[in-house]
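# Chain and residue survey
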Amino acid sequence: MRFVAVGEMHGTNQAPSAFAELVCEAAKRGPVAVALEFPVQMQPVFDAFMAEPDANKARDRVLAYEYGPFRFHDGRGSEAMLAMLQRLRVLQQTGADLRVLATVPDSPRVPGFTQSHAELDRAHLWSVAARAAPDRRMMILVGSVHAEKARRVGSPLGLPAAAHFRPEEVLSLFVAQQGGEAWTCVDDCGVHPVAAAEPARQRGIVMAAEADGTFDGYLALGPTTASPPVSRP
């Protein structure tokens, strides 16, 4: 499968950790590109981070960037996300053929153009990266709406990013909501409860396509715990 997309709820400990496990398994089978939901302007930061042999200096490189989720928090700049990045850095430096890509486009906000155009731009970035390195499997971690393979009935989003590819090219999983908590920004930013929408006792990858075809299955990780924003020095 050329593209493996995981749709998460930001701000949990479990989703980034599980995604890192999936990347580790993929890297055992061949080259991997890891596409993350960070602005494209952060690519030089990630390149330097991945090359830095010292964990503390690598952390400082990410936190020194003046913009993006580690400065303006929305759940993506969490302690768990930074721990995931550190694990990917070690994985690469111990021999894995792996590259981390920042793939949130710098799409201008133009009146009359909806989020669907930003979704198209995001899919374009994934496509360009895939064509540049066709031997690499692309592992994608994004908010769940961007990983959907079809438009939900009544959704104002338009066509999600993953839906711009042929369905047979994409394996799309969402992280099941099995209760617990997450650090999210809704009406306010902080720790919020997560509704239990899937069976609480189920664990692992469950291949069970939704009736409307938005996902191929889900990751059952159990009740989540909240991962707060990375504290800055």
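Just above, that's the structure.
One structure accompanies this document, and this report is about it. From a predicted model like this one, the values you see are computed outputs, not experimental measurements.

## Looking at the overall build of the chain
Helix and strand content of the chain: five helices and nine strands. Ordered by position in the sequence, the α and β elements of the chain form the string β-α-β-α-α-α-β-α-β-β-β-β-β-β. Whereas a compact globule of 233 residues would reach a radius of gyration of roughly 17 Å, the chain reaches 17 Å, a difference of no more than 12%. Over its C-alpha atoms, taken along the principal directions, the chain stretches across nearly 45 × 45 × 40 Å.

## Comments concerning the layout of surface pockets
Taken as a whole, the largest pocket encloses approximately 560 Å³ of empty space. For the lining of the largest pocket, the elements supplying multiple residues, two or more each, are strand E2 (32–39) and helix H5 (115–132). Per-element tally for the lining of the largest pocket: the top contributor is H5, with five residues. Among the residues making up the lining of the largest pocket, the classes are represented as seven nonpolar, six polar and five charged. Counted as a void, the second largest pocket has a volume near 400 Å³. Along the wall of the second largest pocket there are 27 residues; nearest its centre are Glu8, Met9, His10, Ser144 and Gln177. Of the residues belonging to the lining of the second largest pocket, the class tally is 11 nonpolar, 10 polar and six charged.

## So, the side chain of Ser78
On the secondary structure map, Ser78 appears in the loop between helix H3 (55–64) and helix H4 (79–93). The class for Ser78 is buried, based on a relative accessible area of 1%. Here Met81 takes part through its backbone nitrogen, which lies 3.0 Å from a polar atom of the side chain of Ser78. Residue contacts for Ser78: discarding those within four places in its chain leaves Phe70, Ser227, Pro228, Pro229 and Val230.

## Here's the deal with helix H2 (residues 43–51)
Every buried residue belonging to H2 is among Gln43, Val45, Phe46, Phe49 and Met50, and all of these are buried. In an axial view of H2, the angular spread of the buried residues amounts to 155°, which keeps them on one side of the axis. Those residues of H2 that are exposed and angled more than 90 degrees off the buried face are Pro44 and Ala51. Packing partners of the buried residues in H2 comprise E2, H3, H4 and strand E3 (98–104).

## Side note on empty space enclosed by the protein
Taken as a whole, this structure holds one cavity of 30 Å³ or more when the rule is applied. In this structure, the largest cavity encloses a volume near 40 Å³. Forming the walls of the largest cavity are Glu8, His10, Leu36, Glu37, Phe38, Arg76, Met81 and Leu141. The class makeup of the residues in the lining of the largest cavity is four nonpolar, one polar and three charged.

Rules and cut-offs
- Along each chain, residues carry numbers from 1 onward, in the same order as the chain's sequence is written.
- In keeping with the predicted nature of the model, local features appear solely for residues at pLDDT of at least 70, side-chain atom pairs appear and are counted solely at 80 or more, and the whole-chain, interface and lining totals rest on all residues.
- Working from all heavy atoms in the structure, the side-chain values ignore hydrogens and water.
- Put simply, DSSP marks the helices as runs of H or I at least four residues long and the strands as runs of E at least two long, and each gets a number from the N terminus on.
- Based on C-alpha atoms, the radius of gyration is set beside the globule rule, defined as 2.2 Å times the residue count to the power 0.38.
- Cavity means a closed set of points on a 1 Å grid over the protein atoms alone, one where a 1.4 Å probe fits but cannot get out, pocket means an open set with protein on both sides within 12 Å along at least 5 of 7 lines, and lining means a residue has an atom within 4 Å of a point.
- Grid points are joined across faces, edges and corners, and a volume is the space filled by probe spheres set on the points.
- Following the grouping adopted for this structure description, the nonpolar residues are Ala, Val, Leu, Ile, Met, Phe, Trp, Tyr, Cys and Pro, the charged ones are Asp, Glu, Lys and Arg, and the polar ones are all others, Gly among them.
- Note on classification: 1.4 Å probe, protein chains only; a residue is buried when its accessible area is under 20% of the maximum for its type, exposed when over 50%, partly exposed between these limits.
- Polar contact criterion, stated in full: a pair of N or O atoms within 3.5 Å, where within protein one must be able to donate a hydrogen and the other to accept it, and residues adjacent in sequence count only if both atoms are side-chain atoms.
- The contact criterion used is simple: two residues touch if any of their non-hydrogen atoms lie within 4.5 Å.
- The directions from the helix axis to the C-beta atoms are what the arc is built from.

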